[in-house]
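# A look at the structure
Here are the chains, one letter per residue:
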Amino acid sequence: MLSQKELLQLFKETRADSEMICSYLETEDYVVQPIENVSPPKWHLGHTTWFFEEFILKKYASDHKLFDKNTAYVFNSYYESVGDKVIRTNRGNLSRPTVAWIYDFREFVTSAIIDLMTNNSLDDEALEVIEIGCHHEKQHQELLYTDIKYILGNNPLLPKYNDEFRENIIQDFENKWINIPEGVYEIGHKSDDFCYDNEKGVHKKYLCEFNISNKLVTNREFIEFIDDGGYEDVLLWHAEAWDWINDNKINCPSYWHKIDNNWHQFTLNGLKRLEPEAPVTHISYYEAFAFSQWKGMRLPTEEEWETAQEKFDWGSRWEWTESAYSPYPNYQKPEGALGEYNGKFMVNQKVLRGGSVATSRNHTRPTYRNFFHPQLRWQFTGFRLVK
């Protein structure tokens, strides 16, 4: 666990990083919510601020007065035990509070947390919640990038976010297959560094021998799948996946556009010619599974991925696994509202491992268990194969 001094520095850096991400936006960009899974940027800024006020200042700062009585109602997300909230689909209807108000709220709470940590010796419980709050905000920083991309990528003008963000990092090395022998392997978070509760509970898992690719599947390979009729072959798809691609007319990864018979991709730098050797991204678990079937291979389980990860580079794409998101043996959900953070989502979702180009610094690790519903693809998601 970090010392109070180290944690104060992490808090300051984290708060500044969120505002840096939004510094490229126009005021109008802060309010848009095209679909339910994409929240307006100003809501992310408010929600991460409310978290610190709700779970730290209200409990540990005896003289704290709320910035506004409606912050919990507007910025609570899924913490049912905390109270009523604006429903998720209505976040884009909130023209008020204004963007300027949001930044005033952030400054108010940031200053109050800094004052609390500078002038008081906090117990381990308070420090632990502050650390969770920092990593919670780091998660929302990744959501800011991906939600901003969805907002701009669904604008008919396809405006760019900036010229600096690097989405497509080429895997400039030879494809090799890494052999992992059968055996019993330890899974789970083993150190005292920060992790979420869903990573805890080190346990042993027997794995059969397998070979895993050292490279992620590329755009070039995925084009071959498309050209071979992969999206039209019912035998490659799960039943509900087949319904999903047909109901939604899915025939390529998200953000792909065919212009003059050439594939282009909308990126945070604007619309660009598709880079064939870049890892494919913004695909669903359904598509990753269908591609692996087409190749006569499969996706790794999360235990296989964790066991093999030290032998390959990872971190440019969240990687779909074949594992359902479920609790580790002897998992104990934390008491109180923070117990709603992970445990209640352990149904009908797939685990992703690694991290992405949008993941905040010092946030991911080999045991990190991300999770999403199998049809979602607005995140920087990709995959590697096992045979």
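Everything that follows concerns the structure shown earlier in this document.
All chains use their own residue numbering, which begins from 1 and follows the written sequence. Only residues with pLDDT of at least 70 are given local features in this predicted model, and only at 80 or more are side-chain atom pairs given and counted; all residues enter the totals for whole chains, interfaces and linings. Heavy atoms throughout the structure, all of them, feed into the side-chain values; hydrogens and water do not.

## Describing the overall build of the protein
So the rule is basically this: The helix and strand labels rest on DSSP assignments: H or I over at least four residues marks a helix, E over at least two residues marks a strand, and numbering proceeds from the N terminus. We take the radius of gyration over the C-alpha atoms and set the globule estimate at 2.2 Å times the residue count to the 0.38 power. Throughout, a contact is declared for two residues whenever any of their heavy atoms are within 4.5 Å. Reported accessibility uses the Shrake-Rupley method at a 1.4 Å probe radius. Residues are deemed covered only where the shown protein chains occlude them. We score Asp and Glu as negative and Lys and Arg as positive, and we do not count His or the chain ends. The location of each charge is read from NZ of Lys, CZ of Arg, CG of Asp or CD of Glu.
When its secondary structure is counted, the protein shows 9 helices and 11 strands. Over its C-alpha trace the protein gives a radius of gyration of 22 Å, about what one expects of a compact globule, namely 21 Å for 387 residues. Across its three principal axes, the protein shows a C-alpha extent of roughly 65 × 50 × 35 Å. The long-range fraction of contacts in the protein, counting pairs at least 24 apart against all pairs at least 6 apart in sequence, stands at 78%. As presented, the protein carries roughly 17800 Å² of accessible surface, and 47% of it is formed by carbon and sulfur atoms. Looking at charge distribution, the protein has the averaged site of its 42 positive side-chain charges lying 1 Å from that of its 60 negative ones.

## Focus on the sheet that holds strand 7 (residues 270-273)
Just so we agree on the cut-off: Here, any two strands with at least 2 DSSP bridges between them count as paired. Axes here refer to lines fitted to C-alpha atoms; in helices the fit is confined to the stretch in contact. Angles between the N-to-C directions go from 0 to 180 degrees.
In spatial order, the strands read 5-6-7; together these 3 strands make up an open sheet with antiparallel pairing. Bordering the open sheet on either side are strand 5 (256-259) and strand 7, each of which pairs with just one other strand. Strand-to-strand twist of the sheet, defined as the mean angle between neighbouring strand axes without regard to direction, takes the value 35°. When strand 5 meets strand 6 (residues 262-267), the two strands line up antiparallel, connected through 4 bridges. Of the residues in strand 6, the one forming a bridge with Ile-259 is Asn-262. Contacts from helix 6 (residues 219-227) reach strand 5 and strand 6, with the element oriented near 70° to strand 5.

## Some points on the pattern of salt bridges
We count it as follows: Throughout this description, the term salt bridge denotes a Lys or Arg side-chain nitrogen within 4 Å of a carboxyl oxygen of Asp or Glu. Throughout this description, buried means an accessible area under 20% of the type-specific maximum (1.4 Å probe, protein chains only), exposed means over 50%, and partly exposed covers the range between.
Scanning all chains against the criterion turns up 19 salt bridges. With its nearest N and O atoms 2.9 Å apart, the salt bridge here joins Arg-377 to Glu-287. Here the residue Arg-377 occupies a position in the loop between strand 10 (370-372) and strand 11 (381-382), and Glu-287 occupies one in helix 8 (residues 285-294), the gap between them amounting to 90 residues. Side by side, Arg-377 and Glu-287 carry an identical accessibility label, which is buried. Of the charged contacts in the structure, one is a salt bridge between Arg-298 and Glu-304, with a shortest N-O distance of 2.8 Å. With a relative accessible area of 32%, Arg-298 lands in the partly exposed category. Residue classification places Glu-304 among the buried residues on the basis of a relative accessible area of 6%.

## Overview of the sheet that holds strand 10
Taken in spatial order, the 4 strands make up an open sheet running 10-9-8-11, and their pairing is mixed. Lying at the two open borders of the sheet, with one neighbouring strand each, are strand 10 and strand 11. Across 2 bridges, the pairing between strand 8 (residues 318-324) and strand 11 is parallel. If you follow Trp-318 over to strand 11, its bridge partner there is Thr-381. The strands touched by helix 8 within the sheet are strand 8 and strand 9 (350-354), with strand 8 carrying the most contacts at an inclination of about 80°.

## Regarding unusual backbone geometry
With the exception of glycine, the majority of residues adopt a negative phi angle, and the majority of peptide bonds are in the trans configuration. Of note, the bond from Arg-96 into Pro-97 is cis; its omega dihedral lies within 30 degrees of zero at 0°. Note on placement: Pro-97 falls in the loop between helix 3 (71-75) and helix 4 (99-119). One non-glycine residue, Asp-260, lies in positive phi territory at about 50°. Residue placement: Asp-260 occurs in the loop between strand 5 and strand 6. On the basis of relative accessible area, Asp-260 is assigned to the exposed category, the value being 70%. Phi is positive for Asn-362, which is not a glycine, with a value near 55°.

## Notes on helix 7 (residues 239-247)
Just so we agree on the cut-off: The directions from the helix axis to the C-beta atoms are what the arc is built from.
Buried within helix 7 we find Ala-241, Trp-244 and Ile-245. Buried residues in helix 7, looked at end-on, bunch into an arc of 90°, giving them a common side. Residues Ala-239 and Asp-247 are exposed on helix 7 and point more than 90 degrees away from its buried face. Next to the buried residues of helix 7 lie helix 8.

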